[in-house]
Amino acid sequence: MEREFSCVRDGLTIRGREFRPQGDQLPAVIISHGFGGSLKDLVHHCLMFASWGYAAYGFDFCGGSANGEGISDGESTDMTLLTECEDLHAVMNVVQELPYVDAHRLTLMGFSQGGLVSALAAAQRADEVESLILIYPAFCIPDDARRGALLMSSYDITDVPEFIDAGYMMLGKTFHETVVHMNPYTEITPFKGPVLLIHGTADEPVHPRYALKAKESYESGQCQLQLIQAAGHGFTEEQTAAVSVSIRQFLLGHKEILTIHVQITGSEVRKDFEAEKEIAIFFTGDCDSPYFTGRIIDGADDVQEYAGDQLVTMRADYMLEGMDYNGKKCQLHIVNQNVNGEWKPKVNTDSKALNFLNHSNMTAVLEGYPDGLTVRIFSAIP
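Attention here is on the structure that accompanies the text. All values reported here derive from a predicted model rather than from experimental measurement. (Residues numbered from 1 in each chain as written. Predicted model: local features only at pLDDT ≥ 70, side-chain atom pairs only at ≥ 80, totals over all residues. Heavy atoms only, no water.)

This next bit is on the layout of surface pockets. Of the voids in this model, the largest pocket is the one considered here, and its volume is about 640 Å³. In terms of lining, the largest pocket is formed by 35 residues, of which the most central are Gly-34, Phe-35, Ser-112, Tyr-136 and His-233. Contributions of two or more residues to the lining of the largest pocket are made by helix 1 (43-51), strand 5 (101-111), helix 4 (141-146), helix 7 (208-217) and helix 8 (237-251). The dominant element in the lining of the largest pocket, judged by the number of residues it contributes, is helix 8, at four residues. Residue classes in the lining of the largest pocket are distributed as 19 nonpolar, 11 polar and five charged. Taken as a whole, the second largest pocket holds about 510 Å³ of empty space. Where the lining of the second largest pocket is concerned, the elements lending two or more residues are strand 10 (223-228) and strand 11 (255-272). Sorting elements by how many residues they give to the lining of the second largest pocket places strand 10 first, with five residues. Here the residues of the lining of the second largest pocket are counted per class, giving five nonpolar, seven polar and five charged. (1 Å grid on protein atoms, 1.4 Å probe; cavity = no way out; pocket = protein on both sides within 12 Å on 5 of 7 lines; lining within 4 Å. Points joined across faces, edges and corners; volume = space filled by probe spheres on them. Helix = DSSP H or I, 4+ residues; strand = E, 2+ residues; numbered from the N terminus. Nonpolar A, V, L, I, M, F, W, Y, C, P; charged D, E, K, R; others polar.)

So, in structure tokens, the structure goes:
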């Protein structure tokens, strides 16, 4: 079910859209777009959440959309991080009062500038937000203001102009003034709930060091940081699909227990008939995670079977040796194959500390990049 919604903040109307499955006492998610973005950027994500049983809400910030695409009131020269926080608070108020929403199960999600706004809003209303999802959040904005380089602008910080040309949007001087002395890393800490932070290692507008510092600002174990290799400020279709699986696992309360970095070393065609083909991909790599650190030993392969040009099955089979989190030497044997469109790894280990892996129902995410692959394995922790 889809419908439009609106609310008012300081005489300005905020407009958005609700995507809602059937049911009562639904968990809810509010998604915030980035600088210059709009509700149009969020529809795919809202539909995804609705398919998972969430009431999902996307909206346009007042004065926050470029090229005349915004459907909310307001001018970009009046928009600041603080006005966007106020907009998000107004939407939160509306969503929490809906009779079919469980007001105690509210997730905030934001992209880029909307990610920073979501983190600030969650901290300001920490008791009302269950979890937080930040996609390449723009924690760089205060630093950019201090350099006179907000977004795509360049100006003299000793003589800030009344209007700042930020590329495809004009900002007011107030935007600079409200962030130039801000320390976002202290402002986000009142939020104590779980945080998922996803950032690309090749993000140029927002260097990944900002994500690392944000993770360190939260309490130990509170923030799950996923660095997507070779991803920029915006994800490809394949990266978005992998990120969606990670988000789903986060919302289910599953932890990323193994992060395996794979490097392809070669391949071999084992069958090559017109109607049937089998290719083996050979690889090596290592694993660095809180539960296990080690390396892939020789003999790892990924066998791919084709019917004509159609990929039918993929089955990776490999062994790692290293140390569990108790410092004990151990081995992990992993078989990962696609089952009904989902990667379902099976792990066998001789580690007593990791014995729970032998009977866990796990899900894997595969993130490809030019030189290899990152495999993330998620599981409920007993």
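After presenting the structure, the write-up continues.
Here we come to the packing of helix 2 (residues 81-96) against helix 3 (residues 113-124). The interhelical angle for the contact between helix 2 and helix 3, taken along N-to-C directions, is 65°, at an axis separation of 9 Å. Seen from above, helix 2 lies across helix 3 with right-handed handedness. Contacts between helix 2 and helix 3 pair Leu-81, Glu-84, Cys-85, Leu-88 and His-89 from the former with Gln-113, Leu-116, Val-117, Ser-118, Leu-120, Ala-121 and Gln-124 from the latter. In the contact of helix 2 with helix 3, the residues fall into seven nonpolar, four polar and one charged. (Axes fitted to C-alpha atoms, helices over the stretch in contact; angles between N-to-C directions. Left-handed = near helix turned anticlockwise from the far one by under 90°. Contact = heavy atoms within 4.5 Å.)

Glancing now at the pattern of salt bridges. Tallying each qualifying case throughout the model produces 20 salt bridges. One salt bridge connects Glu-2 with Arg-17, and the closest N-O pair in it is separated by 3.8 Å. Of this pair, Glu-2 sits in strand 1 (residues 2-9) while Arg-17 sits in strand 2 (residues 12-19), and the two are 15 residues apart along the sequence. You can call Arg-17 partly exposed: its relative accessible area is 24%. Measuring nitrogen to oxygen at the nearest pair gives 3.5 Å for the salt bridge that ties Arg-315 to Asp-317. (Salt bridge = Lys/Arg side-chain N within 4 Å of Asp/Glu carboxyl O. Buried < 20%, exposed > 50% of the residue type's maximum accessible area, 1.4 Å probe, protein only.)

Distances and angles like these do not, on their own, reveal function.
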